[in-house]
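The lines below spell out each chain.
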Amino acid sequence: MTETVGTTMPRIGDAAPDFTAVTTHSQAMKFSEWQGDSWVILFSHPADFTPVCSTELAEFARRADEFAAINTKLIGLSVDSIHSHLAWVENLKQTLGVEINYPIIADLDTKVAQLYGMIHPGESATVTVRAVFIIDPKRTIRAIIYYPLNAGRNIDEIYRITRALQAADAYACATPVNWRPGEKVVVPPPKTVEEVAERLSHKGKDYDVKDFYLSLREQKVA
Ligand code: BEZ
């Protein structure tokens, strides 16, 4: 994949821009190579040594095994230096007793932040908002969530939506409001008169058919 330079605002369905960056785990990490065949949660925080960010980075680290179990790698980013990142990681170990076990990108020149549209000037002209990009193994951006500077993210929701996207891919379904793994999934609506008749024939049998366009079914998820 070629590298891109300049300010962009990637959207859902776009190819995840590739880049090479300094991280807490590598002096020159090529993003696509580091990703390999995994899903990725790429998330930015506004600044090192700040309270809300500290709680978020620590919680991502505590939950890293859960993400690894669903083939998902975590990677953070801010426009701080590598020296600041390394000192903060050390500090979080001392203050919160948490080892930050995933890389953090040092994006001092804002190259990656610009590439992913992580700086929202109305919120701050100088630091990244709390952006979350969920990227699938084909390197397509599958979900984007933005939070402002003053509200910490919900890691449960980031985990939940990753599971939902993986279930949609594996079982050709969609997921309803507040879906959790193990709950019923949505059967894609019929597209022809013939398919409508076919769908209605499931009523009272294997699908929970509310109407021809709204059916749910049981789905065991791995
Ligand atoms: C925080 O993480 O606490 C924070 C960072 C930047 C601006 C406001 C709050």
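Computed from a predicted model, the values in this text were never measured in an experiment.

1. A short note on the nonpolar core
A general tendency of soluble globular proteins is for nonpolar side chains to be buried together.
Item 1. Among the nonpolar cores identified, the biggest contains 29 residues, and Ile41, Phe60, Ile100 and Tyr102 are the most heavily contacted of them.
Item 2. At the level of elements, strand S3 (39-44), helix H2 (51-62), helix H3 (64-69), helix H4 (82-96), strand S6 (130-135), strand S7 (141-147) and helix H6 (155-171) are the ones that each hand at least two residues to this core.
Item 3. Tyr102 has contacts with Thr24, His25, Phe43, Leu57, Phe60, Ala61, Leu74, Ile75 and Gly76, leaving out every residue within four places of it along the chain.
Item 4. Among the nonpolar cores identified, the runner-up in size contains 24 residues, and Phe19, Met118, Val129 and Ala131 belong to it.

2. Remarks on the pairing of strand S1 (residues 20-23)
Item 1. Going residue by residue along S1, you find Ala21 and Thr23 tucked away on one face and Thr20 and Val22 left uncovered on the opposite face.
Item 2. One ladder, built from three bridges, connects S1 with strand S2 (residues 26-30); its direction is antiparallel. By the bridge assignment for S2, Thr20 is matched with Lys30.
Item 3. Linking S1 back to S2 in an antiparallel pair, the connection comprises two residues.

3. Quick word on the site of the ligand
Item 1. Around the ligand sit Pro46, Thr50, Pro51, Val52, Cys53, Arg130 and Leu149, and those are all the residues in its vicinity.
Item 2. The backbone of Val52 places a nitrogen or oxygen atom 2.8 Å from an oxygen atom of the ligand.
Item 3. Arg130 places a side-chain nitrogen or oxygen 3.1 Å from an oxygen atom of the ligand.
Item 4. About the coverage of the ligand: the protein hides 75% of its 260 Å² of free accessible area.
Item 5. Split into classes, the residues belonging to the shell around the ligand amount to five nonpolar, one polar and one charged.

4. Observations concerning the pattern of salt bridges
Item 1. Applying the stated criterion across every chain, the model contains 14 salt bridges.
Item 2. The shortest N-O distance in the salt bridge between Lys30 and Asp18 comes to 3.2 Å. Of this pair, Lys30 sits in strand S2 while Asp18 sits in the segment before S1, and the two are twelve residues apart along the sequence.
Item 3. Lys30 sits in the partly exposed class, given a relative accessible area of 23%.
Item 4. Members of the salt-bridge network, linked through shared partners, are Glu59, Arg62, Arg63, Glu66 and Asp156.

5. Here's the deal with the environment of Lys191
Item 1. Turning to its location among the elements, Lys191 is positioned in the loop between strand S8 (185-187) and helix H7 (193-200).
Item 2. By relative accessible area, which is 72% here, Lys191 ends up exposed.
Item 3. Separated by 61 residues in sequence, Lys191 and Arg130 have C-alpha atoms that sit 39 Å apart.

6. As for the packing of aromatic side chains
Item 1. In the structure shown here, the tally under the stated rule is eleven aromatic pairs.
Item 2. A ring pair is formed by Phe19 and Tyr116, whose centres lie 6.2 Å apart and whose planes are at 90°; its orientation type is edge-to-face. You can see Phe19 sitting in the segment before S1 and its partner Tyr116 sitting in the loop between helix H5 (111-115) and S6, a full 97 residues away along the chain.
Item 3. Tyr116 sits in the buried class, given a relative accessible area of 0%.
Item 4. Ring centres of Phe49 and Trp88 lie 6.4 Å apart, and the angle between their planes is 45°; on these two criteria the pair is classed as tilted. Of the two residues, Phe49 is situated in the loop between S3 and H2 and Trp88 in helix H4; the sequence distance between them amounts to 39 residues.
Item 5. Judged by relative accessible area, Phe49 falls into the partly exposed class, the value being 47%.
Item 6. Since its relative accessible area comes to 0%, Trp88 is described here as buried.
Item 7. Members of the aromatic cluster, each reached through a chain of ring pairs, are Phe19, Phe31, Trp34, Tyr116, Phe133 and Tyr146.
Item 8. Seen from the ring of Tyr159, Arg63 lies directly overhead, with NZ or CZ sitting 6.0 Å from the centre.

7. Quick word on the sheet that holds strand S10 (residues 214-217)
Hydrogen bonds between backbone groups are what pair the strands of a sheet, and the pairing can be parallel or antiparallel.
Item 1. Spatial strand order, S8-S10-S9: three strands in an open sheet with antiparallel pairing. The sheet is open, and its two edges are formed by S8 and strand S9 (208-211), each paired on a single side. Direction aside, the axes of adjacent strands within the sheet are offset by 30° on average.
Item 2. Direction of pairing for S9 relative to S10: antiparallel, over a ladder of three bridges. Note that in S10 the partner of Asp208 across the bridge is Leu216.

Reading the values: the criteria
Residues numbered from 1 in each chain as written. Predicted model: local features only at pLDDT ≥ 70, side-chain atom pairs only at ≥ 80, totals over all residues. Heavy atoms only, no water. Core = buried A, V, L, I, M, F, W, Y, C linked by side-chain atoms within 4.5 Å. Buried < 20%, exposed > 50% of the residue type's maximum accessible area, 1.4 Å probe, protein only. Helix = DSSP H or I, 4+ residues; strand = E, 2+ residues; numbered from the N terminus. Contact = heavy atoms within 4.5 Å. Pairing = 2+ DSSP bridges. Near = heavy atom within 4 Å. Polar contact = N/O pair within 3.5 Å; in protein donor to acceptor, adjacent residues only side chain to side chain. Areas by Shrake-Rupley, 256 points an atom, 1.4 Å probe, with all protein chains shown as cover. Nonpolar A, V, L, I, M, F, W, Y, C, P; charged D, E, K, R; others polar. Salt bridge = Lys/Arg side-chain N within 4 Å of Asp/Glu carboxyl O. Phe/Tyr/Trp six-rings, centres within 6.5 Å; stacked < 30°, edge-to-face > 60°. Lys NZ or Arg CZ within 6 Å of the ring centre and 35° of its normal. Axes fitted to C-alpha atoms, helices over the stretch in contact; angles between N-to-C directions.

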